[in-house]
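# Working through the structure, step by step
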Amino acid sequence: MQNGYSNRTFYGDPYLDFPADNGPSENRSPMALWAKAQSLPPEALQQVRAIYTDRFPIEVRHFLASWIEEKMWGLEIETDNPQHEQYAANIVADLIHQLETKANSMNSEELLITKYKLMDSANAFKQRYARCPLDLFRLMRHCLNSELKVIQQVENVPMGSMPPGTGLMPDSAAEIAQQVDVLRHRTTETGKLLRQMEQEQENFALHYHECTKLKAHLQHLQSQLINQQNIELEKTVRRQKDISEQTLNQKVSSLLQLRLQLADKLSESVTHLVTLQCRVLDEELIRWKREQQLAGNGAQFNSNLDNIQDWCESLAEIIWLNRQQIKEVERLKQKLTLEPPGVVDVLPNLSIQITQLLSSLVTSTFIIEKQPPQVMKTNTRFTSTVRLLVGGKLNVHMTPPQVKVTIISEAQANALLKNDKIAKGEASGEILNNTGTMEYHQATRQLSVSFRNMQLKKIKRAEKKGTESVMDEKFSLLFQSQFSVGGGELVFQVWTLSLPVVVIVHGNQEPHAWATVTWDNAFAEPGRVPFAVPDKVAWCHVAEALNMKFRYATGRPLTEENLCFLAEKAFRNPNMSDFQNQMLTWSQFCKEPLQERSFTFWEWFYAVMKLTREHLRGPWMDGLILGFIRKKQAQDMLIATNTTSTFLLRFSDSELGGITIAWVGDGELGSQVFMLQPFTHKDFAIRSLPDRIADLQHLVHLYPDIPKDQAFSKYYTPLENQPTSNNGYVKPFLVTHVPGWGGPGPSSTPSYPNTPHMFQAPSPEAGSARDTPSVASHVSDSVSSYAGAGAQSAAGEAEYNGSNMDFLEDFDNFDVYLPHPTYRQA
């Protein structure tokens, strides 16, 4: 076969008789997939031809055969892997560019139609796949994989014997698109049969009328006087009648056969529609909803809702056509009653089934595209968007439907699912701006309504039981609408429930509310009773949820060591070894306080996550914060460096949303680990952590041996170049100072004393676990840069510390904790 492919052999259809592609062929292997496909037997060729539809036209495959195989062959692309997504998207962009280039190069008249086809394909790809280029990549991969399967079947090549790294795997989206095309083709075929049946029935009616006339004529002749002429005429008419009756019998037989054939084909189509619709609604749409729910916990959400809409619109169109065909067959049967004995009429059941399919499709595709906030504060504006995936195809927008939003309790949601209705006027709260009209957007083909100014004015809560709190109570927003299809032929009452919502009235309720939401999002099971969740979950699943939340909030996931630390804290057991399958209860998660603490595990985790997100995101993403380590572990790590002035950062165990600096210094007993009283968001609102670290000159190396300026300098706040402001005043700034550990800033002399000589700590209280002194740091003011580091007296420092002892943590033995640093204004 020549490299310039002749498609006359391949297709056999004149309109698909492409001219040869005379492009460069030196890179095209003689065993290229497309070349092999064209050498297949006619039956296999037809299978290959059926692979390509309007979604990926065969002209594109032909004229870009070499480029497509070069780009797609040998790829190990995981389209769900974020690292691979961009590469796949680039291939799609390049495909469109190649198409446009190829089309523009076709200037001869004989290629004009093909040129337009390629240009149309490029434009269609842009429009259809602009927001989801990976769908086109998956479709290309599926088509090549299907070609490969056909070739392997013909050549009797085992599926596993192809070279590794083909990167061609079956794809769900492409398979669904192909099934849609098969159903569309079947519907076209049944439409042809229906027209044939209608024509034959009309012909039967004409012949029946002729036969009736012949019978009447014959009866008339029989009533006349008998003579030779009448006898001959009677014989002629009788013969004509017999022939007509014979023809009628044949037509009856043919018509009955057509009816049975059409009923069988319609029945098969409905069966296929049921299967495909279940796949789209019960698998793909449910998966989308589940991924939307997990996105509430921070999971990456690659929404393929536009793709699902395409499938649902295609289903709606095909179901509607099949429904019309079934109704037309029933109408024709009523006009001519011909029921063969012993044959059950399947059309009434098919009519019911197809209508139920349409009803299920419409009600299931009324979805919440943008969920309302799951932690909802009263008297606070919030937004949400609902969308009807089949609205455009069924022309619902011709009479724009109204959507109403109400808030209902868990019990009401339960009753709604059981009875498919809710008592009129029954709601658990009052929402302002809770009605809207769905609008059709021509550019996106979306029928939707966005509620932009809703506000929950008041909430009616259920009676609490046991240890329940208002933050445990779940509500849901109910979106309701009604619309008609087919000129009022069908009227649909539709509704959908939002993800569970926890209502709060004050910001201090937010942490526990997020615990309820996080647990529900992570561990809700499909088809559950609203809003049931397990009371205990294996730690491995809890760890996955915590990692998901932390990564989304802070930009970097938790390590195995971090998760191990969290497991020990959650289970209140520092000696746990095998905790992956240990069951963590809801109570342990967010109800029971941690040992010797006044807060729960979740409150501690949430506060750390919030602090990191708001103030420590950059250093955390750079791996500069160890964070999740025990005090004893931090001490051992620092002592092991055998280097004074080495420090690390760890999250406080006893201060919610606190982070402390631990470092090695020379004490009375040799090298000791000192720790500053934890910084919280209030401190970082004054001065950032990197700036504080820069201020403290006794901190030299970040564990294990990274110079602190190398680690943190990009986060330092640059000093003002001009010492005075516009009004002539000297502009001061704050610096951090730990008394006894040297003055801050470049103008002061570094001091690394053997003991904290500027401070005499008070003795620990009786019964305290702390047997080593603590040192504080303070805020000081100075108009000269970094001057006056030792302005305060030791007595004053001791008094400050004594008054702030309630902020200090309880530490293990041999742990020295330094209370808060002071600040200097320079």
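Reading the values: the criteria
Residues numbered from 1 in each chain as written. Predicted model: local features only at pLDDT ≥ 70, side-chain atom pairs only at ≥ 80, totals over all residues. Heavy atoms only, no water. Helix = DSSP H or I, 4+ residues; strand = E, 2+ residues; numbered from the N terminus. Buried < 20%, exposed > 50% of the residue type's maximum accessible area, 1.4 Å probe, protein only. Contact = heavy atoms within 4.5 Å. Areas by Shrake-Rupley, 256 points an atom, 1.4 Å probe, with all protein chains shown as cover. Patch = residues over 30% accessible without salt bridge, like charges linked within 9 Å, V, L, I, M, F, W, Y side chains within 5 Å. Salt bridge = Lys/Arg side-chain N within 4 Å of Asp/Glu carboxyl O. pLDDT = per-residue confidence, 0-100. Pairing = 2+ DSSP bridges. Axes fitted to C-alpha atoms, helices over the stretch in contact; angles between N-to-C directions. Left-handed = near helix turned anticlockwise from the far one by under 90°. Nonpolar A, V, L, I, M, F, W, Y, C, P; charged D, E, K, R; others polar. Phe/Tyr/Trp six-rings, centres within 6.5 Å; stacked < 30°, edge-to-face > 60°. Polar contact = N/O pair within 3.5 Å; in protein donor to acceptor, adjacent residues only side chain to side chain. Core = buried A, V, L, I, M, F, W, Y, C linked by side-chain atoms within 4.5 Å. Domains from an automatic or database assignment.

## Points about the overall build of the protein chain
Helix and strand counts for the protein chain stand at 24 helices and 22 strands. Looking at the protein chain residue by residue over its 826 residues, the buried ones come to 48%. A sequence separation of at least 24 residues applies to 72% of the contacts in the protein chain between residues at least 6 apart. For the protein chain, the exposed area adds up to about 40,400 Å²; of that, 50% sits on carbon and sulfur atoms.

## Considerations on a nonpolar patch on the surface
Where nonpolar side chains cluster on the molecular surface, the patch consists of Leu112, Ile113, Tyr116 and Met119 and spans about 390 Å² of accessible area. Among the secondary structure elements, Met119 is positioned in helix H7 (residues 112-129).

## Some words on the environment of Val664
Relative to the helices and strands, Val664 resides in strand S15 (residues 659-667). Since its relative accessible area comes to 2%, Val664 is described here as buried. Between the C-alpha atoms of Val664 and Ser645, which are 19 residues apart in sequence, the distance is 5.4 Å. Beyond its immediate sequence surroundings of up to four residues, Val664 is in contact with Leu638, Ile639, Thr641, Thr643, Thr644, Ser645, Thr646, Ser671 and Gln672.

## Overview of the pattern of salt bridges
Counting across every chain of the model gives 32 salt bridges. For Arg61, the salt bridge goes to Glu69, with nearest N and O atoms at 2.8 Å. The pair Arg61 / Glu69 is uniform in exposure class, with both members buried. A cluster of three or more residues bridged by salt bridges with shared partners is formed by Arg61, Glu69 and Glu147.

## Details of the confidence of the model for the protein chain
A low pLDDT means the predicted coordinates there should not be read in detail. The predicted model of the protein chain averages 79 in pLDDT, with 80% of residues at 70 or higher. Contacts for the low-pLDDT stretch residues 1-31, under 50 throughout, to residues beyond four places or in other chains number 58 contacts. Here residues 745-817 is a poorly scored stretch, pLDDT under 50, and it has 174 contacts once near neighbours within four places are set aside; other chains count.

## With respect to the side chain of Glu568
Tracing the backbone through its elements, the reader meets Glu568 in helix H16 (residues 560-570). Its relative accessible area of 10% is what places Glu568 among the buried residues. Leave out the neighbours within four places in its chain, and Glu568 touches Asn573, Pro574, Met576 and Arg630.

## A few points about the sheet that holds strand S10 (residues 490-497)
The strand order across the open sheet built from four strands is S6-S4-S9-S10, with neighbouring strands paired in antiparallel fashion. Strands with a single pairing partner mark the edges of an open sheet, and in this sheet they are strand S6 (435-437) and S10. Pairwise comparison of adjacent strand axes, ignoring direction, gives a mean angle of 25° for this sheet. Strand direction decides the pairing type here: strand S4 (residues 402-409) and strand S9 (residues 475-485), joined by seven bridges, are antiparallel. Paired with Thr406 across the strands is Leu478, a residue of S9.

## Overview of unusual backbone geometry
Omega for the bond connecting Pro530 with Phe531 falls within 30 degrees of zero, at -20°, which places this linkage in the cis form. Assignment of secondary structure puts Phe531 in the loop between helix H14 (510-523) and strand S12 (536-538). The omega angle of the peptide bond from Tyr703 to Pro704 is 5°, so this bond is cis rather than trans. Its identity is not glycine, yet Asn395 carries a phi of approximately 60°, on the positive side. Relative to the helices and strands, Asn395 is located in the loop between strand S3 (381-388) and S4. Overall, Asn395 belongs to the partly exposed group, its relative accessible area being 43%.

## Examining the packing of H16 against helix H18 (residues 601-615)
Following both chains from N to C, one finds H16 and H18 inclined at 145°, their axes separated by 10 Å at the closest point. For the pair H16 and H18, the sense of crossing is right-handed. Contacts between H16 and H18 pair Phe565, Leu566, Lys569 and Ala570 from the former with Phe601, Trp604 and Phe605 from the latter. Of the residues belonging to the contact of H16 with H18, the class tally is six nonpolar, no polar and one charged.

## Some remarks on the packing of aromatic side chains
Using the criterion set out here, one finds 28 aromatic pairs in the structure. Each ring, one from Phe451 and one from Phe479, has its centre 6.0 Å from the other, and the planes form 55°; the classification is tilted. With Phe451 in strand S8 (residues 446-459) and Phe479 in strand S9, the pair connects residues that are 28 residues apart, well separated along the chain. For Phe451, a relative accessible area of 3% gives the class buried. With a centroid separation of 5.7 Å and an interplanar angle of 50°, the aromatic rings of Phe550 and Phe605 are classed as tilted. On the criterion of sequence distance, the pair formed by Phe550 in helix H15 (residues 539-554) and Phe605 in helix H18 is long-range, its members being 55 residues apart. By relative accessible area, which is 0% here, Phe605 ends up buried.

## Quick notes on the side chain of Arg279
Mapped onto the elements, Arg279 comes out in helix H10 (residues 228-295). A distance of 3.2 Å separates polar atoms of two side chains, one belonging to Arg279 and the other to Glu175. Sequence-distant contacts of Arg279, defined by excluding residues within four places in its chain, comprise Ser172, Glu175, Ile176, Gln179 and Glu284.

## What to know about the nonpolar core
Counting residues in hydrophobic clusters, the biggest one holds 73 residues, and the most contacted among them are Val280, Leu477 and Phe479. At 13 residues, the largest contribution of residues to this core is made by H10. When residues of this core are assigned to domains, at least three fall in each of domain 2 (172-358) and domain 3 (375-460 + 471-507). When residues no more than four places from it in sequence are discounted, the contact partners of Phe479 are Phe366, Ile368, Ser384, Val386, Val403, Lys404, Val405, Phe451, Val494, Trp495, Thr496 and Ser498. By size, the runner-up hydrophobic cluster in this structure holds 59 residues, among which are Val537, Phe571, Trp620 and Phe679.

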